[in-house]
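Chain by chain, the residues:
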Amino acid sequence: AQSVTQLDSQVPVFEEAPVELRCNYSSSVSVYLFWYVQYPNQGLQLLLKYLSGSTLVESINGFEAEFNKSQTSFHLRKPSVHISDTAEYFCAVSPSLSGGYNKLIFGAGTRLAVHP
Amino acid sequence: EAGVTQFPSHSVIEKGQTVTLRCDPISGHDNLYWYRRVMGKEIKFLLHFVKESKQDESGMPNNRFLAERTGGTYSTLKVQPAELEDSGVYFCASSLQMNTGELFFGEGSRLTVL
């Protein structure tokens, strides 16, 4: 069975500072990896995903995540955060999507609080 | 284009009562999912509809939970009778395809059972 561990429940950071949100997973089969974000009073939105190819994936708003198979990690990073990045971030995995469906296994979430 | 909408946003009921949560997916999305987050923990899968058929209901906690999607449009999730441990946020999501990992979530329905 797959599981996801987000190592930090809360991450406070000052505006324009770098941030890393950590995510580790366990699985006996190949997985696909996702980061979702939930802004206040909104539903979860897909931030970025790794399905195959380059292990470094980027989002349109400056976040990036790197798939590290040997360390079973998919940490999310941003070199300079903005107040508007304040949100809860969820790491998720899914077993092989070949012939499958979107049954995502989520971590417990990390609350990112960006302070001025 | 309207997103996934859920109703009610918050429901407070007594133990033993019944609650029905509703989800309207994005128009044209055949795939509809229910997830639940209890006490700030992981968001856990409950079930998946393809149109009106249940594709996978392996995450449903017990037979007090009943999900329906008549006509393949909106879905309801009924909890009867509600127990204290059913408190949490119930998320609905929809997707156009089954194998992209991209789900579109609603804001969730918060259920509090007293």
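One structure accompanies this document, and this report is about it.

The rules behind each value
Residues numbered from 1 in each chain as written. Chains lettered and ligands numbered in written order. Predicted model: local features only at pLDDT ≥ 70, side-chain atom pairs only at ≥ 80, totals over all residues. Heavy atoms only, no water. Helix = DSSP H or I, 4+ residues; strand = E, 2+ residues; numbered from the N terminus. Rg over C-alpha atoms; globule rule 2.2 N^0.38 Å. Contact = heavy atoms within 4.5 Å. Areas by Shrake-Rupley, 256 points an atom, 1.4 Å probe, with all protein chains shown as cover. Disulfide = S-S within 2.5 Å. Buried < 20%, exposed > 50% of the residue type's maximum accessible area, 1.4 Å probe, protein only. Pairing = 2+ DSSP bridges. Buried area = accessible area lost by both parts, 1.4 Å probe. Salt bridge = Lys/Arg side-chain N within 4 Å of Asp/Glu carboxyl O. Polar contact = N/O pair within 3.5 Å; in protein donor to acceptor, adjacent residues only side chain to side chain. Nonpolar A, V, L, I, M, F, W, Y, C, P; charged D, E, K, R; others polar. 1 Å grid on protein atoms, 1.4 Å probe; cavity = no way out; pocket = protein on both sides within 12 Å on 5 of 7 lines; lining within 4 Å. Points joined across faces, edges and corners; volume = space filled by probe spheres on them.

1. Looking at the overall build of chain A
From N to C terminus, chain A includes zero helices and 12 strands. Along its sequence from the N terminus, chain A presents helices and strands in the succession β-β-β-β-β-β-β-β-β-β-β-β. Over its C-alpha trace chain A gives a radius of gyration of 14 Å, about what one expects of a compact globule, namely 13 Å for 116 residues. Along the first, second and third principal axes, the C-alpha set of chain A runs to 45 × 30 × 25 Å. Within chain A, counting contacts between residues at least 6 apart in sequence, those at least 24 apart form 58% of the total. Of the roughly 5,600 Å² of accessible surface on chain A, a fraction of 50% belongs to carbon and sulfur atoms.

2. Brief notes about the environment of B:Gln97
Here B:Gln97 shows up in the loop between β9 (88-95) and β10 (104-105). On a C-alpha basis, the gap between B:Gln97 and B:Val79 in space is 28 Å, while along the polypeptide they are 18 residues apart. B:Gln97 has contacts with A:Asn102, B:Asn31 and B:Tyr33, leaving out every residue within four places of it along the chain.

3. A short note on the state of the cysteines
All names here are of chain A. Under the counting rule described, the total for this entry stands at two disulfides over all chains. Linked covalently through their sulfurs, Cys23 and Cys91 form a disulfide whose S-S length is 2.0 Å. Across the disulfide from Cys23 to Cys91, rotation about the S-S bond amounts to roughly -65°, and the bridge is consequently left-handed. One end of the pair, Cys23, is in strand β4 (residues 23-26); the other, Cys91, is in strand β10 (residues 87-95), with 68 residues separating them in the sequence.

4. Describing the pairing of strand β5 (residues 31-38) of chain A
Residue and element names in this part refer to chain A. Extensive coverage of β5 is indicated by the burial of seven of its eight residues. The pairing of β5 with strand β6 (residues 44-50) spans six bridges and is antiparallel. If you follow Val37 over to β6, its bridge partner there is Gln45. Where β5 folds back on β6, the antiparallel hairpin that results is connected by five residues, among which Asn41 adopts a positive phi of roughly 60°.

5. So, the environment of B:Met60
All names here are of chain B. With respect to the element layout, Met60 can be found in the loop between β6 (53-56) and β7 (65-68). Sequence-wise, Met60 and Thr20 are 40 residues apart; in three dimensions their C-alpha atoms are separated by 15 Å. Dropping the residues within four chain positions of it, Met60 is found in contact with Leu46, Leu47, Phe65, Leu66, Ala67 and Leu77.

6. Overview of the interface of chain A and chain B
When the parts of a complex come together, some accessible area is lost, and that lost area is often used as the size of the interface. Taken together, the contacts link 22 residues of chain A with 23 residues of chain B. Across the chain A to chain B interface the summed buried area is about 1,900 Å²; carbon plus sulfur atoms make up 52%. Among the ionic pairs, A:Glu88 bridges to B:Arg37, the shortest N-O distance being 2.8 Å. Inspection of the region where chain A meets chain B yields six residue pairs in polar contact (both at pLDDT 80 or more). Along the lines of polarity and charge, the residues of the side of chain A that touches chain B split into 11 nonpolar, eight polar and three charged.

7. Remarks on the pattern of salt bridges
If you walk through the whole model with that rule in mind, you get 10 salt bridges over all chains. Note that A:Arg22 and A:Asp8 form a salt bridge whose closest N and O atoms lie 3.0 Å from each other. Note that A:Arg22 is positioned in the loop between β3 (19-21) and β4 and A:Asp8 in the loop between β1 (3-6) and β2 (10-14), a separation of 14 residues in sequence. Salt bridges linked by common partners bring A:Glu88, A:Arg111 and B:Arg37 together as one network.

8. Let's talk about the layout of surface pockets
Put simply, the largest pocket is a space of about 720 Å³. Forming the walls of the largest pocket are 33 residues, and the residues nearest its centre are A:Gln38, A:Arg111, B:Arg37, B:Val89 and B:Arg110. Residue assignment for the lining of the largest pocket shows that the elements contributing at least two residues are β2, β10 and β12 (110-115) of chain A together with β1 (5-7), β9 and β11 (109-113) of chain B.

9. Some details on the environment of A:Leu76
Residues and elements named next belong to chain A. Residue position: Leu76 is located in strand β9 (residues 73-78). Take Leu76: its relative accessible area is 0%, and that puts it in the buried class. Sequence separation of Leu76 and Thr5 is 71 residues, and the distance between their C-alpha atoms is 13 Å. Non-local contacts of Leu76, meaning those with residues more than four positions away in its chain, are made with Val19, Glu20, Leu21, Trp35, Leu47, Leu48, Phe63, Glu64, Ala65 and Tyr89.

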